[in-house]
Amino acid sequence: QQQVKQSPQSLIVQKGGISIINCAYENTAFDYFPWYQQFPGKGPALLIAIRPDVSEKKEGRFTISFNKSAKQFSLHIMDSQPGDSATYFCAAVKYSGSRLTFGEGTQLTVNP
Amino acid sequence: GAGVSQSPRYKVAKRGQDVALRCDPISGHVSLFWYQQALGQGPEFLTYFQNEAQLDKSGLPSDRFFAERPEGSVSTLKIQRTQQEDSAVYLCASSSYRGQLREQYFGPGTRLTVT
């Protein structure tokens, strides 16, 4: 049972464009939603995270939009750069110190 | 470096062999997690330690998988009688109990190939 569903599976964007990745969750006990970036041969690294009492969080070119009633959240990468090419995972956590439940991942390619 | 380290980075095992994967967490991090990442998939939780106590092992796929963290620092994930379906990247992550964002810092992983 996939508790966090992510789309699209792959995404190709031109340099300077906006990359949008979507996730949906089922379990309302989740209370913390991070996004991770993973390069080949590396472990995932935290990009940005949000709690459900906030509808939007922005850090630099990265923005999370959160819709609690729809149980959906998305990552927007503004002014996408070739260096952003990586696999992105959304995740959810139920409570402090608990395990991450990951989505399936989105492979982003930003063309020069 | 102050990050999470894992060894070996790559391991090839013949079916039926036992393997041991090591994780050195960030110094002082109380929480330690193991995840399994199949090719092209998101990481999946295996087990969780708080200090030396294994608080959650519900993700371990079979009794061939065993993890320990005897002194609350370094952890070892052991897989007995490896099978081909065990081929994956095994990721270790650590977290500061006092971290408000509960950020988990991941190591580079150990890629296990069972032939």
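This is a predicted model, so every value here is computed, not measured. (Residues numbered from 1 in each chain as written. Chains lettered and ligands numbered in written order. Predicted model: local features only at pLDDT ≥ 70, side-chain atom pairs only at ≥ 80, totals over all residues. Heavy atoms only, no water.)

1. Points about the overall build of chain B
Here comes step 1: Counting its secondary structure elements, chain B contains zero helices and 11 strands.
Here comes step 2: Along chain B, helices and strands appear, N-terminal first, in the series β-β-β-β-β-β-β-β-β-β-β.
Here comes step 3: Against the compact-globule benchmark of 13 Å for 115 residues, chain B has a radius of gyration of 13 Å, which places it among compact chains.
Here comes step 4: C-alpha atoms of chain B, sized along the principal axes, occupy 40 × 25 × 25 Å.
Here comes step 5: The proportion of buried residues among the 115 residues of chain B is 45%.
Here comes step 6: A separation of at least 24 residues holds for 52% of the contacts in chain B among residues at least 6 apart in sequence.
Here comes step 7: Put simply, chain B shows about 5,900 Å² of open surface, and 45% of that area lies on carbon and sulfur atoms. (Helix = DSSP H or I, 4+ residues; strand = E, 2+ residues; numbered from the N terminus. Rg over C-alpha atoms; globule rule 2.2 N^0.38 Å. Buried < 20%, exposed > 50% of the residue type's maximum accessible area, 1.4 Å probe, protein only. Contact = heavy atoms within 4.5 Å. Areas by Shrake-Rupley, 256 points an atom, 1.4 Å probe, with all protein chains shown as cover.)

2. What to know about the sheet that holds strand β6 (residues 56–59) of chain A
Strand pairing in a sheet relies on backbone hydrogen bonds. The paired strands run either parallel or antiparallel.
Residue and element names in this part refer to chain A.
Here comes step 1: Read across the sheet, five strands follow the order β1-β3-β8-β7-β6 without closing on themselves; strand pairing throughout is antiparallel. The sheet terminates laterally at β1 (4–7) and β6, the two strands that pair on one side only. Taken pair by pair, the neighbouring strands of this sheet meet at an average axis angle of 15 degrees, ignoring direction. (Pairing = 2+ DSSP bridges. Axes fitted to C-alpha atoms, helices over the stretch in contact; angles between N-to-C directions.)

3. Thoughts on the state of the cysteines
Here comes step 1: Using the criterion set out here, one finds two disulfides over all chains in the structure.
Here comes step 2: Across a sulfur-sulfur distance of 1.9 Å, C23 of chain A and C90 of chain A are joined as a disulfide pair. Looking along the S-S bond of the C23 of chain A-C90 of chain A disulfide, the torsion reads about -95 degrees, which is the left-handed sense. Residue C23 of chain A is located in strand β3 (residues 19–25), and its partner C90 of chain A is located in strand β9 (residues 86–93); the two are separated by 67 residues in the primary sequence.
Here comes step 3: Judged by relative accessible area, which is 3%, C23 of chain A ranks as buried.
Here comes step 4: A sulfur-sulfur separation of 1.8 Å characterises the disulfide bridge that pairs C23 of chain B with C92 of chain B. Between C23 of chain B and C92 of chain B, the S-S dihedral sits near -65 degrees, and the bridge is therefore left-handed. Here the residue C23 of chain B occupies a position in strand β3 (residues 19–24), and C92 of chain B occupies one in strand β9 (residues 88–95), the gap between them amounting to 69 residues. (Disulfide = S-S within 2.5 Å.)

4. Re the interface of chain A and chain B
Here comes step 1: With 21 residues of chain A at the interface, the matching set in chain B holds 22 residues.
Here comes step 2: Carbon and sulfur atoms supply 50% of the area that chain A and chain B bury against each other, a total of about 1,700 Å² over both sides.
Here comes step 3: Our count for the chain A to chain B interface comes out at one salt bridge.
Here comes step 4: Among the salt bridges present, the one from D56 of chain B reaches R99 of chain A, with a minimum N-O distance of 4.0 Å.
Here comes step 5: Our count for the contact surface shared by chain A and chain B stands at six residue pairs in polar contact (both at pLDDT 80 or more).
Here comes step 6: Those elements that provide at least two residues to the side of chain A that touches chain B are β4 (33–38), β9 and β10 (100–102) of chain A. (Buried area = accessible area lost by both parts, 1.4 Å probe. Salt bridge = Lys/Arg side-chain N within 4 Å of Asp/Glu carboxyl O. Polar contact = N/O pair within 3.5 Å; in protein donor to acceptor, adjacent residues only side chain to side chain.)

5. Quick notes on the sheet that holds strand β8 (residues 75–79) of chain B
Residue and element names in this part refer to chain B.
Here comes step 1: One open sheet accounts for four strands, arranged β1-β3-β8-β7; its pairing is antiparallel. On the outer flanks of this sheet lie β1 (5–7) and β7 (65–68), each paired with one strand and no other. Averaged over all adjacent pairs, the angle separating strand axes in this sheet is 15 degrees, with direction ignored.
Here comes step 2: Bridge count for β7 against β8 is four bridges, and the pairing is antiparallel. Bridge pairing in β8 links F65 to I79.

6. Structural notes on the environment of E103 of chain B
Here comes step 1: Turning to its location among the elements, E103 of chain B is positioned in the loop between β9 and β10 (105–106).
Here comes step 2: With a relative accessible area of 21%, E103 of chain B lands in the partly exposed category.
Here comes step 3: E103 of chain B sits 10 residues away from A93 of chain B along the chain, and the two C-alpha atoms are 9.4 Å apart.
Here comes step 4: Once residues within four sequence positions are removed from consideration, E103 of chain B is found in contact with Y32 and L46 of chain A together with S94 and S95 of chain B.
Here comes step 5: Among the polar contacts listed, one links the side chain of E103 of chain B to the side chain of Y105 of chain B, at a separation of 3.3 Å.

Just distances and angles here, no functional claims.
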